[in-house]
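Report on the structure
The residues making up each chain are set out below.
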Amino acid sequence: MTKKPGANGFVEHTLANGLKIVIEPMPHASSAAGGFLVRTGARDEDSHLAGVSHFLEHMCFKGTAHRDWKQITNEFDDMGSTYNAYTSKERTVYFGWVRTDDFERQVELLADMMQSVVPPEEFEMEKKVILEEIAMSEDSIERKVYDLMHEAVYPGHPLSWPVLGTTASVSGLTRDQLHGYFLDRYHPANMVLMVAGAVEPNSVIEMADRLCGQWPVRAPRPARHRPKAELSGVRKVVAERFQRQAIGLLYPGPSALHEDRDNGDVLASILGGQNSRFFWNIIQAGVAAHVAAGRLDYCDDGMMIAFGFSEPDRCQQLLDAMRRELDKVMKEGVTEDEVQRVKNRSRTGLATEAEAPYYRLMQMIQDIDDFGRPRSVDERLAAIDAVTPESIRGYLQRWPLAGDCMLISLGPRDWPT
């Protein structure tokens, strides 16, 4: 059966074994990007296996039944591919971007990696690499405060596990545990093949069936457990090796699926993005060198964060300055000019990124994982265009940046006392 793009511009197809395929043809391009989304990340791990998703991402580059790690790396480079992989709290993604002529070769390579043999001879060496990565992350105040936020807000829930895992959990992992996790998560019901670029959809479907159609069928993963966020009180960690103090105010916010997500993103940008209130009234006032606002969201929960890094003896000054700006936006809202500037930046970003298959693929990943479907550029632009000062005022009523919240402090100073 011949598949044609739907009204939204996408072709969607599911192979007999359950592997979903999403294709966005881009006839104007001369290249194509493709990748596999695996619906597993830190929040899908047991505590004693913390870090296994990220470890597995490394191991998928280490060998298959047909290639060793050198062949995998060399083949990507021989194609001149822009390729990589990443692991987050909720997903693991493998992708590459090449000339159209090399696209089938690249998908074949990626598909082969999704059938990794998790080579035992590479396991211990890669464990050392990851333990080194964990040790390096201990010296990053940005990474430490990110982990602290999740530990404080989601205590006991897998969202609190570090994506890298811990020295103890990774040290204790065995190759058999890793392979068992691989078999349980890397199967058609838990994966999506995504493609954007100068491709003919039916050829992609035929190729995918040839390369992936024999993958064994397994039952879908059970639904995730919704976290219960704790967003009150103070959580502080004294870390004398840092010279700066990290401070964060954490408020409830919409999940990745909530209709308020775009209002929250625009508000965060007005408060703490480029050319923002934080920039002009805190950074330019000399209170701190870095202050920002943003949302962290997952499929079933989210939060709004105001955070910054200051000299240790200026913690209170930075906290007062952030709260002053939050109080002001609660009382006065935002202006039409502020909203319009953010919308214009978003429009430009979406439009320019949409011209290249690589960036379209990146845009598609979160939509497919969160919504279960891709969104066209027009649909994304419409969501941004719907944001107004009035809609943000409604957001602030539903998700106030006032009252109870979680205060985070990490750095050399034991603060607040």
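For the structure, check the block above.
Now for a description of the structure that goes with this document. (Residues numbered from 1 in each chain as written. Predicted model: local features only at pLDDT ≥ 70, side-chain atom pairs only at ≥ 80, totals over all residues. Heavy atoms only, no water.)

1. Description of the overall build of the chain
The helix and strand inventory of the chain stands at 15 helices and 11 strands. Radius of gyration (C-alpha) of the chain: 23 Å, near the 22 Å computed for a compact globule of 417 residues. By principal-axis analysis of the C-alpha atoms, the chain measures approximately 60 × 50 × 35 Å. A buried classification covers 55% of the 417 residues belonging to the chain. Relative to all contacts within the chain whose residues are 6 or more apart in sequence, the contacts with residues 24 or more apart total 81%. Surface exposure of the chain reaches about 18,100 Å², of which carbon and sulfur atoms provide 50%. Computed over 47 positive and 61 negative side-chain charges, the inter-centroid distance for the chain is 3 Å. (Helix = DSSP H or I, 4+ residues; strand = E, 2+ residues; numbered from the N terminus. Rg over C-alpha atoms; globule rule 2.2 N^0.38 Å. Buried < 20%, exposed > 50% of the residue type's maximum accessible area, 1.4 Å probe, protein only. Contact = heavy atoms within 4.5 Å. Areas by Shrake-Rupley, 256 points an atom, 1.4 Å probe, with all protein chains shown as cover. Lys, Arg positive; Asp, Glu negative; His and termini not counted. Charge placed at Lys NZ, Arg CZ, Asp CG, Glu CD.)

2. A short note on the sheet that holds strand β4 (residues 82-87)
Within the open sheet, the six strands sit side by side as β1-β2-β6-β3-β5-β4. Their pairing is mixed. Two strands lie at the open edges of the sheet, namely β1 (11-14) and β4, each paired on one side alone. Between one strand and the next, the sheet's axes are offset by a mean angle of 15°, whatever the strand orientation. Judged from the six bridges that link them, β4 and strand β5 (residues 92-99) form a sheet pairing that is antiparallel. What sits directly across from N84, in β5, is F95. Each of β4 and β5 is contacted by helix α1 (residues 52-59), which is oriented at about 160° to β4, the strand it contacts most. The strands touched by helix α13 (residues 357-371) are β2 (20-25), β3 (31-38), β4, β5 and β6 (191-197); relative to β6, the strand with the most contacts, the crossing angle is about 150°. (Pairing = 2+ DSSP bridges. Axes fitted to C-alpha atoms, helices over the stretch in contact; angles between N-to-C directions.)

3. Brief notes about the pattern of salt bridges
It is possible for side chains bearing opposite charge to pair when their charged atoms get close. Enumeration over the complete set of coordinates arrives at 32 salt bridges. Between K144 and E138 there is a salt bridge, with its nearest N and O atoms 3.1 Å apart. The class of K144 is partly exposed, set by a relative accessible area of 22%. Close ionic contact of R380 with D367 constitutes a salt bridge, the shortest N to O distance being 3.2 Å. Linking R380 in helix α14 (residues 377-385) with D367 in helix α13, this pair joins segments that are 13 residues apart in sequence. (Salt bridge = Lys/Arg side-chain N within 4 Å of Asp/Glu carboxyl O.)

4. Section: the sheet that holds strand β8 (residues 245-253)
Paired through their backbone hydrogen bonds, the strands of a sheet run either parallel or antiparallel. Strand order in the open sheet made by the five strands is β7-β11-β8-β10-β9, with mixed pairing throughout. Each end of this open sheet is capped by a strand with a single partner; those strands are β7 (233-238) and β9 (290-297). Here the average twist between neighbouring strands, direction ignored, is 15°. Examined bridge by bridge, β8 and strand β11 (residues 406-411) share five bridges and lie antiparallel to one another. By the bridge assignment, L249 is partnered in β11 with L407. Across the sheet, helix α9 (residues 261-272) lies against β9 and β10 (302-310), angled at about 170° from β9, the strand it touches most.

5. Quick look at helix α7 (residues 175-185)
Within α7, the full set of buried residues consists of L178, Y181, F182 and R185. Buried positions in α7, seen along its axis, are confined to an arc of 105° and lie on one side of it. Contact partners of the buried residues in α7: β3, α1, α4 (120-137) and β6. (Arc of directions from axis to C-beta.)

6. Brief notes about the nonpolar core
Inside soluble globular proteins, nonpolar side chains tend to come together where they are buried. F36, Y94, F103, M113, M114 and Y186 are the most contacted members of the largest nonpolar core, which has 50 residues in total. Non-local contacts of M114, meaning those with residues more than four positions away in its chain, are made with F36, V38, Y94, F182, Y186, M191 and W215. Counting residues in hydrophobic clusters, the runner-up holds 35 residues, among them A293, L326, V329 and L401. (Core = buried A, V, L, I, M, F, W, Y, C linked by side-chain atoms within 4.5 Å.)

7. Some remarks on the pairing of β5
Across the eight residues of β5, six count as buried, placing the element largely inside the fold. Across eight bridges, β3 lies against β5 in antiparallel orientation. Considered in β5, the bridge of V38 is made with T92. Connecting the antiparallel pair β4 and β5 is a turn made up of four residues.

8. Comments concerning the packing of helix α2 (residues 69-78) against helix α3 (residues 103-113)
Between α2 and α3, whose axes approach to 10 Å, the crossing angle comes to 160°. Accordingly, the angle class assigned to the pair α2 and α3 is roughly antiparallel. Our pair here, α2 against α3, has a crossing hand that is left-handed. On α3, the residues that touch I72, E75, F76 and D78 of α2 are R105, Q106, L109, L110 and M113. Here the residues of the contact of α2 with α3 are counted per class, giving five nonpolar, one polar and three charged. (Parallel < 35°, antiparallel > 145°, perpendicular 65-115°, else oblique. Left-handed = near helix turned anticlockwise from the far one by under 90°. Nonpolar A, V, L, I, M, F, W, Y, C, P; charged D, E, K, R; others polar.)

9. Examining the packing of aromatic side chains
The tally for this structure, following the rule as stated, stands at 16 aromatic pairs. Taken together, a centroid distance of 5.9 Å and an interplanar angle of 65° make the contact between F95 and Y358 edge-to-face. Placement of the pair is F95 in strand β5 and Y358 in helix α13, with a sequence separation of 263 residues. Each member of the pair, F95 as well as Y358, is classed as buried. (Phe/Tyr/Trp six-rings, centres within 6.5 Å; stacked < 30°, edge-to-face > 60°.)

10. So, α13
Relative to the 21 Å expected for 15 residues at 1.5 Å per residue, α13 spans 20 Å between its end C-alpha atoms, a close match to the ideal helical length. The buried fraction of α13 amounts to 11 of the 15 residues, a majority that puts the element mostly inside the structure. Buried within α13 we find P357, Y358, R360, L361, Q363, M364, I365, D367, I368, D369 and D370. Among the residues trailing α13, G372 stands out with phi positive, at a value near 80°. (Expected span 1.5 Å × (residues − 1).)

Distances and angles like these do not, on their own, reveal function.
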